[in-house]
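Below, each chain spelled out in residue letters.
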Amino acid sequence: MSSNKVEAALRQYFAAYDGTPKEFKEVEPLFDATFHDKFKLVRRTGGRKYIDGMRGNMVDEGIVLDRDAEKEIHASYLKKGTNITLIHYRRIGLDCYDCEFRLQCSSEGIDEVFRVVYTLQDGKIERSQEVYNDLDTIKAKCSSALHTFNVLNKYQTNM
């Protein structure tokens, strides 16, 4: 899957968050088409702390959430009737994309903008790093490039 197809899959997934409450199983195929089986979200340091309503625990800055944890968070947003609007999706490196989106939920009083750097692998989003500003984006881009290099380095060549 090319990066354009990943962007289309992400746009389709975000479009499912149209402000009407839904069950996650309705959009799970879209989630699976967009996010890699090894997906990880790296929470930014200095970021917002919030209580995960589904798990009842504090989600702190700088931790790494796996695919299942992220799926539970997305399911809770979907159930509350959250609306997601894509602000931008830009290529910033090899298999590396800067994405910004607005998350709104009138029933919960949520109106926040998130910015993440996505790393693609096997045609899906394999890694996501929350960022604050352009400097954090550059750091995440370098981290993404190193990650991509390490993935490519696993495959031996005949050189």
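Cut-off values and rules
Residues numbered from 1 in each chain as written. Predicted model: local features only at pLDDT ≥ 70, side-chain atom pairs only at ≥ 80, totals over all residues. Heavy atoms only, no water. Helix = DSSP H or I, 4+ residues; strand = E, 2+ residues; numbered from the N terminus. Buried < 20%, exposed > 50% of the residue type's maximum accessible area, 1.4 Å probe, protein only. Polar contact = N/O pair within 3.5 Å; in protein donor to acceptor, adjacent residues only side chain to side chain. Salt bridge = Lys/Arg side-chain N within 4 Å of Asp/Glu carboxyl O. Phe/Tyr/Trp six-rings, centres within 6.5 Å; stacked < 30°, edge-to-face > 60°.

All right, on to the side chain of aspartate 98 then. Within the element layout of this structure, aspartate 98 appears in strand β6 (residues 96-105). For aspartate 98, a relative accessible area of 2% translates into the label buried. Here the side chain of aspartate 98 touches histidine 88 through a polar contact of 3.3 Å, side chain to side chain. One polar contact links aspartate 98 to arginine 115, side chain to side chain, over a distance of 2.7 Å.

Turning our attention to the pattern of salt bridges. Enumeration over the complete set of coordinates arrives at eight salt bridges. Taking the shortest distance from any N to any O, the salt bridge between aspartate 18 and lysine 22 comes out at 3.4 Å. Look at aspartate 18 and you get partly exposed, because its relative accessible area is 42%. Residue lysine 71 pairs with glutamate 28 through a salt bridge whose shortest N-O separation is 2.9 Å.

Going through the model one piece at a time under the given rule, you end up with 10 aromatic pairs. Their ring planes at 50° and their centres at 5.1 Å tell us that phenylalanine 14 and phenylalanine 101 sit as a pair that is tilted. Of the two residues, phenylalanine 14 is situated in helix α1 (residues 3-15) and phenylalanine 101 in strand β6; the sequence distance between them amounts to 87 residues. For the pair formed by phenylalanine 14 and phenylalanine 101, the shared burial category is buried. Centre to centre, the rings of phenylalanine 31 and phenylalanine 35 are 4.8 Å apart; their planes meet at 35°, and the pair counts as tilted.

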